[in-house]
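# Observations on the model geometry
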Amino acid sequence: MDIEKIKRQARQILDNFADALASVEKEAKEGKEGQVERDEFERKEGNGKEGNAEFRQAFLKNAPAHDDDFVIAERGEWK
């Protein structure tokens with residue numbers, strides 16, 4: 001196949017998709033965008049699960065600084 005022919009076909013596909021997407025975005029703006037109707041607003045909290053001690057030890061061992069069961073770090077510093 002010719003490279004130019006492939007480029008024209010790809011451009012046509014993208015243009016068709018963009019046109020279709022524009023109409024979907026317009027419909028979303030007219031309605032209640034991002035809103036979900038639910039019977040209950042908040043979830044019910046449970047008792048939780050027991051943690052994995054091996055994972056905790058491995059995680060803390062990898063941390064540059066920790067105190068008992070807590071990692072001591074500043075935002076963006078531990079990379």
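Residues numbered from 1 in each chain as written. Predicted model: local features only at pLDDT ≥ 70, side-chain atom pairs only at ≥ 80, totals over all residues. Heavy atoms only, no water.

A word on the overall build of the chain. Helices and strands together make up the secondary structure of the chain, namely two helices and two strands. Mapped in sequence order, the helices and strands of the chain form the string α-α-β-β. Counting over 79 residues, the chain shows a buried share of 3%. Only carbon and sulfur atoms are counted for the fraction: they give 49% of the accessible area of the chain, which is about 8500 Å². (Helix = DSSP H or I, 4+ residues; strand = E, 2+ residues; numbered from the N terminus. Buried < 20%, exposed > 50% of the residue type's maximum accessible area, 1.4 Å probe, protein only. Areas by Shrake-Rupley, 256 points an atom, 1.4 Å probe, with all protein chains shown as cover.)

With that settled, the discussion passes to the pattern of salt bridges. Taken as a whole and assessed by the stated rule, the structure comprises two salt bridges. A salt bridge links Arg11 to Asp15; its shortest N-O distance comes to 3.9 Å. Placement of both Arg11 and Asp15 in helix α1 (residues 3-30) is noted, with a separation of four residues, approximately one turn of the helix. The partner of Glu45 in a salt bridge is Arg43, and the shortest N-O contact between them spans 3.5 Å. Assessed through its relative accessible area of 64%, Glu45 is described here as exposed. (Salt bridge = Lys/Arg side-chain N within 4 Å of Asp/Glu carboxyl O.)

On the surface, a nonpolar cluster with roughly 290 Å² of combined accessible area is contributed by Phe17, Leu21 and Val24. Position of Leu21 among the secondary structure elements: in helix α1. (Patch = residues over 30% accessible without salt bridge, like charges linked within 9 Å, V, L, I, M, F, W, Y side chains within 5 Å.)

Attention now moves to unusual backbone geometry. In the Ramachandran plot, Asp68 falls in the positive-phi region, its phi being about 55° despite a non-glycine side chain. Mapping Asp68 onto the fold places it in the loop between β1 (66-67) and β2 (70-71).

This next bit is on the confidence of the model for the chain. Overall, the predicted model of the chain reaches an average pLDDT of 81, with 81% of residues at or above 70. Summarising per-element confidence for the chain, the mean pLDDT is lowest in α1 (83) and highest in helix α2 (residues 53-62) (88). (pLDDT = per-residue confidence, 0-100.)

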